[in-house]
Protein chains: 2
Amino acid sequence: MKCVLSDLQTKHYPESFLVNGIKQENPEKPDRIDVLLRGAQQADLEVVSPPDYGIEAIAKIHTPEYLEFLQNAYSRWQRIPDAAPEITPNIHPTNRDGVYPASVVAQAGYHMSDASAPITAETWESAKLSAWSAIYASDLVIEDDEISYALCRPPGHHAGADIAGGFCYLNNSAIAAQNLLKKFGSVAILDVDLHHGNGTQSIFYHRNDVFTVSLHADPIRFYPFFWGHSSERGEGAGLGYNLNLPLPRGTSDEGFLKTLDKALDRITSFGPEALVIALGLDAYEGDPFAGLGVTTKGYELIGKTISERLNCPTVIVQEGGYLCDALGKNLTSFLTGIQ
Amino acid sequence: MKCVLSDLQTKHYPESFLVNGIKQENPEKPDRIDVLLRGAQQADLEVVSPPDYGIEAIAKIHTPEYLEFLQNAYSRWQRIPDAAPEITPNIHPTNRDGVYPASVVAQAGYHMSDASAPITAETWESAKLSAWSAIYASDLVIEDDEISYALCRPPGHHAGADIAGGFCYLNNSAIAAQNLLKKFGSVAILDVDLHHGNGTQSIFYHRNDVFTVSLHADPIRFYPFFWGHSSERGEGAGLGYNLNLPLPRGTSDEGFLKTLDKALDRITSFGPEALVIALGLDAYEGDPFAGLGVTTKGYELIGKTISERLNCPTVIVQEGGYLCDALGKNLTSFLTGIQ
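The present account deals with the structure reproduced in this document. All values reported here derive from a predicted model rather than from experimental measurement. (Residues numbered from 1 in each chain as written. Chains lettered and ligands numbered in written order. Predicted model: local features only at pLDDT ≥ 70, side-chain atom pairs only at ≥ 80, totals over all residues. Heavy atoms only, no water.)

**Some details on the sheet that holds strand β7 (residues 210–217) of chain A**
All names here are of chain A.
- Here eight strands make up an open sheet; going across it, the order is β4-β1-β5-β10-β9-β6-β7-β8 and the pairing parallel. If you trace the sheet from one side to the other, it starts and ends with β4 (46–48) and β8 (242–247), each paired once. Going across the sheet, the axis of each strand differs from the next one's by a mean of 20 degrees, ignoring polarity.
- In this structure, strand β9 (residues 274–279) lies alongside strand β10 (residues 314–318), joined through five bridges in parallel fashion. For V276, the partnering residue across the bridge sits in β10 and is V315. (Pairing = 2+ DSSP bridges. Helix = DSSP H or I, 4+ residues; strand = E, 2+ residues; numbered from the N terminus. Axes fitted to C-alpha atoms, helices over the stretch in contact; angles between N-to-C directions.)

Right, dumping it as structure tokens:
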């Protein structure tokens, strides 16, 4: 299996992260890449770099308004007297179909749903390369690799078509899934991150060619709060093509694997020609976000279960999972299980 | 003319105010009350206090979810370890019709559209009394006073049915208008604040018994950014019952009065039985928000023009206008003009 990664994905280094009104250190650090890379190498993956894909595949998922904002917002923000060094939003629309604002402050509120995805000078470059890694990993599967791994960082599953949030700017999993549709007739995205993949859900909410499934800590009292409830099932042509499986806080391997079985039952009923796994490793019992109780061994079982039950071309896209004792080992464990 | 005010409206004293990612001093200070009170007394108004109105008239405008949040959010927030001393939101929904979140952090994001209306221990008490002042002022007009003035602080016109923003928590102007409907068949709200009255607009957007008109600095590059554009005309039964008249930055008396004439033409065509004036004084040329160029003399002309052209029972509700050399004088001037 190949591990796709560009060194330049480390450049984005956000500092601010507003939690309960207090500025804290942002846990989505560049060091995550080093740790995850060692974890992938430990599972014998061969590391490759993505080629330059331009904007085309990214623009199939994200709006032109948003892509322009991501590319030019930082320099515009810097021209505001006494502005903060990173872009963080402070006013948000209640409806998204009104007049599109001209000022970068208002555009920030429109395009950023929370205060945990600040934009720095290097954000666009790193996010773009992270997306390219996802595209290349899906191209490898299109070119007949059975499975590939994209070490995407910054992560992507909280990013919607025109909105950043939760450390995410470009939705790498969605971009990979869309790219797979060049060859495959249908794709399922299985999101096992601790947090609901609200961006991914919203992108495909009205579609039936990409089936989105997410296992995550119950959002009733957990990020991203407003999305990830079991009542969200898709709309229009997409009704029935989105499945949310919220888990009680602290759920351990047994509970997680039992719910994973339900997810795999439903994916089997969809019969995808290809699979994207949105691989967050923050459901780990020792992750700083402390939401669920999956163990290092549990990740091997999760990988093994998926590969045994779904026998189709698979792209693994890295999502969350934060610096802690076993971050790298958890990746090794998952990759060992699924190979 | 009577000036309605409760001393306890001074208790709310917010500190935080996030501007371009930087915490600044909140300009909506209790001192505004002293200055405005002197301005009202200078115009020979008699000061009276509102009685206890309970929740009923407020609950005709604001949702039970929101009123419960405003009353209990602060104590819930204080129980979060290491939370900021005031409630400020950090995550916001993109849609408002999903599952209502259980955590106070998410409820804050749902019920607060920006970082300029922090909730303190005293917010509910002061906001409630500010609303009561508006109710009493409208009751005075119902009981045959031709005109009355509610010294509302905190202000209200940015507050929607279930959302705070822009220093506003309860929409005093909307509450007064709704109360007037007990006696009068139709009410117009004329908002002359520097900023668009987005909360008031949203509350009556689908209704045709209350006609909402707002003159304000063009929101394309000015707070509240997402609302106040001339294309917003009401919806459903309310289509045509909302009029926005955005003004170029720096507009002075002449331009303001010319546009006021258009507003009064349209109000005349609506033929209201009663009028609410949402009186922001921040269109003043020396206001710290520096958006428009109305002079102290201009306020007298604005008052005079309204009273000459619309001859109907009128409640004046204080909205914005911040500490500067002429805040009190501008109120005296307006009240002198309209009497």
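**Let's talk about the pairing of strand β5 (residues 147–150) of chain A**
All names here are of chain A.
- Here β5 shows no split at all, with I147 and Y149 on one side and S148 and A150 on the other all buried.
- Both β5 and β10 contribute to a ladder of four bridges, which runs parallel. Residue pairing in the sheet places I147 in a bridge with T314 of β10. (Buried < 20%, exposed > 50% of the residue type's maximum accessible area, 1.4 Å probe, protein only.)

**A few points about the sheet that holds strand β1 (residues 2–4) of chain B**
All names here are of chain B.
- Read across the sheet, eight strands follow the order β4-β1-β5-β10-β9-β6-β7-β8 without closing on themselves; strand pairing throughout is parallel. What marks the edges here is a single partner per strand, and that holds for β4 (46–48) and β8 (242–247). Each neighbouring strand pair of the sheet contributes to a mean axis angle of 20 degrees, computed without reference to strand direction.
- Two strands pair when backbone bridges link them, and β1 and strand β5 (residues 147–150) are joined in this way by three bridges, in the parallel orientation. If you follow K2 over to β5, its bridge partner there is S148.

**Observations concerning the relation of the copies chain A and chain B**
- By a simple turn and slide, chain A fits onto chain B: the slide is 0.0 Å along the axis, the RMSD is 0.0 Å, and the turn is 180 degrees. The superposition of one copy onto the other is thereby described by a two-fold rotation axis.
- In this assembly, 98% of the residues forming the interface of chain A have copies in chain B that are likewise at the interface, indicating an isologous arrangement. (Least-squares fit on C-alpha atoms with pLDDT ≥ 70 in both. Contact = heavy atoms within 4.5 Å.)

**Quick word on the side chain of B:Q201**
- Within the secondary structure layout, B:Q201 lies in helix α7 (residues 198–203).
- Leave out the neighbours within four places in its chain, and B:Q201 touches B:H196, B:T212, B:W227, B:E232, B:N242 and B:N244.

**Looking at the interface of chain A and chain B**
- Across the boundary between the two partners, chain A contributes 41 residues, which contact 40 residues of chain B.
- Interface area for chain A against chain B, summed over the two sides, is near 3500 Å², with a carbon-plus-sulfur share of 65%.
- Counting every contact that joins chain A to chain B gives 13 residue pairs in polar contact (both at pLDDT 80 or more).
- Residues that form the side of chain A that touches chain B fall into these classes: 25 nonpolar, 12 polar and four charged. (Buried area = accessible area lost by both parts, 1.4 Å probe. Polar contact = N/O pair within 3.5 Å; in protein donor to acceptor, adjacent residues only side chain to side chain. Nonpolar A, V, L, I, M, F, W, Y, C, P; charged D, E, K, R; others polar.)

**As for the packing of helix α3 (residues 64–78) of chain B against helix α4 (residues 104–111) of chain B**
Residues and elements named next belong to chain B.
- Between α3 and α4, the least distance of the axes is 10 Å, while the angle of their chain directions is 135 degrees. With respect to α4, the element α3 is oriented oblique. Crossing of α3 over α4 shows left-handed handedness. Contact with α3, carried on its side by E65, Y66, F69, A73, R76 and W77, involves V104, V105, Q107, A108, Y110 and H111 of α4 and no other residues of that element.
- Here the contact of α3 with α4 is built from residues that sort into eight nonpolar, two polar and two charged. (Parallel < 35°, antiparallel > 145°, perpendicular 65-115°, else oblique. Left-handed = near helix turned anticlockwise from the far one by under 90°.)

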